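In case you want the letters, here they are:
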Amino acid sequence: MRVRFAPSPTGALHIGGARTALFNWLLARHEGGELVLRIEDTDRERSTPENVEQILDALRWLDLDWDEGPILQTARSQRHGEALQALLEAGRAYHSNATAEDVKAYKAIHGADRGFRGEPQAEGAVRLRVPDDGATVVHDVIRGETRFEHVHLDDPVIARGDGSVLYNFAVAIDDLDAGITHVVRGEDHLSNTPKQVLVLEAVRAVGFGADAPLPEYAHLPLLHGPDGKKLSKRHGAASVQELRDAGYLPEAVRNYLALLGWGAGDDATVLSTQELIDRFTLERVSRNPARFDEVKLKWLNGVYIRSLPTDELTRRIEAFTGREGLERAVRISQEKIHTLADFWPLAGSLFDGPTDDPKARERWLGEEGRAALLDVAAALEQTRGFDEASVEEALGTVIERRGAKPREVYQPLRVAITGGTISPGIFESVALLGREETARRIARALARR
RNA sequence: GCCGCUAUCGUCCAGGGGACUAGGACGCCGCCCUCUCAUGGCGGAAACCCGGGUUCGAAUCCCGGUAGCGGUACCA
């Protein structure tokens, strides 16, 4: 089995594209086949080297590797030209000056009863001659047979007036030459498929890749945004880079993306990449479009974060935040965060000093709170050690002596040392800060007002 | 408009003629645990798009409608 992932570098790699890449990759790895990476850069207006780099960067981050390529489609223009010329000479394609308006006008008259068939001219864009009779049947592994009647098809433009080829032509030639056995891509390409099959048949008839097999097709259901519309920039984390910047783990993203349009079949949700490879088959790919649900991704990411060894999670958080010496803080935060980005807002004050939350101050550092804090400061001064257990013990004494509820002691202390009401566990946080820093922060909180 | 694809809880995925009182996950609601936030545990609400047909029997097969989406570029 040889599959390919063929993004066009007209923007960053989208979540939908990433899912397509993942499915191709899983399939190749499951079958022991090869994955070819091809960059479809025949759109000269919008393709840029920066976008190519972005796509490669996204694939690397996702840890999806490939066996051949990246092949730039434009680098194959000579081959495309030869195939095009052969089609021209055989009369299976022709030059035509007809514009989109001409075709539209033609269709206005003939409706769906007759596809546009141009008259050969000396120059102009190149159109593929579609037979009037019959139909092209696309055999789709996921959807079964889809029949496209030739009378409904217009002769498609396969090359521009200057001879440069267009997508539907290049794709067919490149898949053929690369020996692709399965074309797995988004459903938005289903309607293009008959054109590509027609190109394939025409080109083989004139001796190009006549002995190469015709690829099988598998069109994946499309991915939609939370609003049910096609995924776009408006949907926030729409690109792979945005996912990375939002603090998601690549393994969690792979797991989540695999669940969009595919299911293991036995209700399994959390699946390691190896399990994904072992279990992935095209037969289990769904036919319905799926919505990208960041809430569920976030939950899954939390599952992965909690299951990571603390030192590994620390490495990732240090890389993400650009800070060092975070291990202790990571250990006490691990079960409280869902993304790498959650860490700093939760525990950053342990390093950078308390933040300022006026509401928290007002609620917990009133007369009662300050009185409690005074007791806490005294108790913390004379603990034997300063680990979590001794901190807990000391605070327990304060609670008992004051006849207070635990929170009436813990919360003022939390606000004093972190500035807010949300933090890792209070004993852990205090122990991490140490006796002196804790005392300093309490004193500062008390002095304030 | 035309061509095509799709249709099960709010979302994702199961179930593909009787095992369906339709299952799991996220989310939501309630309870428990609890120093905040989380985590964890227990429980709950929540779906077969509509109409015909086939069949002893339809969520499941067929037809139609409707809706959503895609294509209809000298974009990919």
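1. Notes on the overall build of chain A
Here is step 1 of the chain: If you tally the helices and strands in chain A, you get 20 helices and 12 strands.
Here is step 2 of the chain: Rg of the C-alpha trace for chain A: 31 Å, well past the compact-globule value of 22 Å for 449 residues, more than 25% over.
Here is step 3 of the chain: Its C-alpha atoms give chain A principal-axis dimensions of about 100 × 45 × 35 Å.
Here is step 4 of the chain: The 449 residues of chain A split such that 49% are buried.
Here is step 5 of the chain: Residue pairs in contact within chain A that sit at least 24 positions apart in sequence constitute 74% of those at least 6 positions apart.
Here is step 6 of the chain: On chain A, roughly 21,100 Å² of surface is accessible, and the fraction owed to carbon and sulfur atoms is 48%.
Here is step 7 of the chain: On chain A, the mean spot of the 58 positive side-chain charges and the mean spot of the 71 negative ones are 5 Å from each other.

2. Let's talk about the protein's contact with RNA strand B
Here is step 1 of the chain: The environment of RNA strand B is made up of 62 residues, and the closest members are D43, E335, K336, Y410 and R414.
Here is step 2 of the chain: Those atoms of RNA strand B that come within 4 Å of the protein belong to sugar or phosphate at a rate of 73%.
Here is step 3 of the chain: Separating a phosphate oxygen of RNA strand B from a side-chain N or O atom of T42 is a distance of 2.6 Å.
Here is step 4 of the chain: Side-chain polar atom of Q411 to a sugar or linking oxygen of RNA strand B: 3.4 Å apart, as the coordinates give it.
Here is step 5 of the chain: Counting residues per element, the ones that place at least two in the surface near RNA strand B are β7 (144-149), β12 (290-291), α10 (294-307), α18 (406-418) and α19 (426-433).

3. Notes on empty space enclosed by the protein
Here is step 1 of the chain: This model, assessed by the stated rule, comprises 1 cavity of 30 Å³ or more.
Here is step 2 of the chain: Here the largest cavity is characterised by a volume of approximately 50 Å³.
Here is step 3 of the chain: Residue contributions to the lining of the largest cavity peak at 3 residues, all from strand β2 (residues 34-39).
Here is step 4 of the chain: Among the residues making up the lining of the largest cavity, the classes are represented as 8 nonpolar, no polar and 1 charged.

4. Digging into the packing of aromatic side chains
Here is step 1 of the chain: A full pass over the atoms with the stated rule returns 7 aromatic pairs.
Here is step 2 of the chain: Ring plane angle 75 degrees and centroid distance 5.7 Å describe the contact between Y256 and F292, whose orientation is recorded as edge-to-face. Linking Y256 in helix α8 (residues 250-258) with F292 in the loop between β12 and α10, this pair joins segments that are 36 residues apart in sequence.
Here is step 3 of the chain: According to the relative accessible area criterion, F292 is buried, its value standing at 4%.
Here is step 4 of the chain: Where W262 meets F280, the ring centres are 5.6 Å apart and the plane angle is 35 degrees; that geometry is what we call tilted. A residue pair is termed long-range when its members are at least 10 positions apart, and W262 in the loop between α8 and α9 (273-279) and F280 in the loop between α9 and β12 qualify at 18 residues. The exposure classification of W262 matches that of F280, with both residues buried.

5. A few points about the environment of K195
Here is step 1 of the chain: In this fold, K195 is placed in helix α6 (residues 193-205).
Here is step 2 of the chain: Along the backbone, K195 and E275 are 80 residues apart, and their C-alpha atoms lie at a distance of 37 Å.
Here is step 3 of the chain: Apart from the residues within four sequence positions on either side, K195 is in contact with L128, P156 and N168.

6. Topic: the layout of surface pockets
Here is step 1 of the chain: Of the pockets and cavities examined, the largest pocket occupies roughly 1,100 Å³.
Here is step 2 of the chain: Within the residue set of the lining of the largest pocket, elements represented by two or more residues are β1 (2-5), α1 (15-31) and β9 (182-186).
Here is step 3 of the chain: Broken down by element, the lining of the largest pocket gets its largest block of residues, 4 residues, from α1.
Here is step 4 of the chain: Among the residues making up the lining of the largest pocket, the classes are represented as 13 nonpolar, 10 polar and 10 charged.
Here is step 5 of the chain: The calculated volume of the second largest pocket comes to roughly 320 Å³.
Here is step 6 of the chain: Taken together, 17 residues make up the lining of the second largest pocket; nearest its centre are D356, R361, L365, A445 and R448.
Here is step 7 of the chain: Elements supplying a minimum of two residues to the lining of the second largest pocket: α15 (358-364), α18 and α20 (435-447).
Here is step 8 of the chain: With 3 residues, α20 is the single largest residue contributor to the lining of the second largest pocket.
Here is step 9 of the chain: Across the lining of the second largest pocket, the residue classes tally to 5 nonpolar, 3 polar and 9 charged.

7. Considering the sheet that holds strand β4 (residues 93-96)
Here is step 1 of the chain: In space, the 3 strands of this open sheet follow the order β4-β5-β8, with antiparallel pairing throughout. Edge strands, defined here as strands with exactly one partner in the open sheet, are β4 and β8 (157-159). Strand-to-strand twist in this sheet, taken as the mean axis angle between neighbours without regard to direction, amounts to 45 degrees.
Here is step 2 of the chain: In terms of strand pairing, strand β5 (residues 125-128) meets β8 through 2 bridges, oriented antiparallel. Counted as the bridge partner of R127 is V157 from β8.
Here is step 3 of the chain: Here helix α3 (residues 77-89) sits on the sheet and contacts β4, β5 and β8; the angle it forms with β4, its principal contact strand, is near 90 degrees.

8. What about the domain arrangement of chain A?
By a frequent convention, interface size equals the accessible area lost on bringing the separate parts together.
Here is step 1 of the chain: You can read the domains of chain A as domain 1 (2-220), domain 2 (233-346) and domain 3 (349-447).
Here is step 2 of the chain: Relative placement of domain 1 and domain 3: their C-alpha centres are 66 Å apart.

9. Quick word on α8
Here is step 1 of the chain: Most of α8 sits inside the fold, with 9 of its 9 residues counted as buried.
Here is step 2 of the chain: Of all the residues in α8, the buried ones are P250, E251, A252, V253, R254, N255, Y256, L257 and A258.

What counts as what
Residues numbered from 1 in each chain as written. Chains lettered and ligands numbered in written order. Predicted model: local features only at pLDDT ≥ 70, side-chain atom pairs only at ≥ 80, totals over all residues. Heavy atoms only, no water. Helix = DSSP H or I, 4+ residues; strand = E, 2+ residues; numbered from the N terminus. Rg over C-alpha atoms; globule rule 2.2 N^0.38 Å. Buried < 20%, exposed > 50% of the residue type's maximum accessible area, 1.4 Å probe, protein only. Contact = heavy atoms within 4.5 Å. Areas by Shrake-Rupley, 256 points an atom, 1.4 Å probe, with all protein chains shown as cover. Lys, Arg positive; Asp, Glu negative; His and termini not counted. Charge placed at Lys NZ, Arg CZ, Asp CG, Glu CD. Near = heavy atom within 4 Å. Polar contact = N/O pair within 3.5 Å; in protein donor to acceptor, adjacent residues only side chain to side chain. 1 Å grid on protein atoms, 1.4 Å probe; cavity = no way out; pocket = protein on both sides within 12 Å on 5 of 7 lines; lining within 4 Å. Points joined across faces, edges and corners; volume = space filled by probe spheres on them. Nonpolar A, V, L, I, M, F, W, Y, C, P; charged D, E, K, R; others polar. Phe/Tyr/Trp six-rings, centres within 6.5 Å; stacked < 30°, edge-to-face > 60°. Pairing = 2+ DSSP bridges. Axes fitted to C-alpha atoms, helices over the stretch in contact; angles between N-to-C directions. Domains from an automatic or database assignment.

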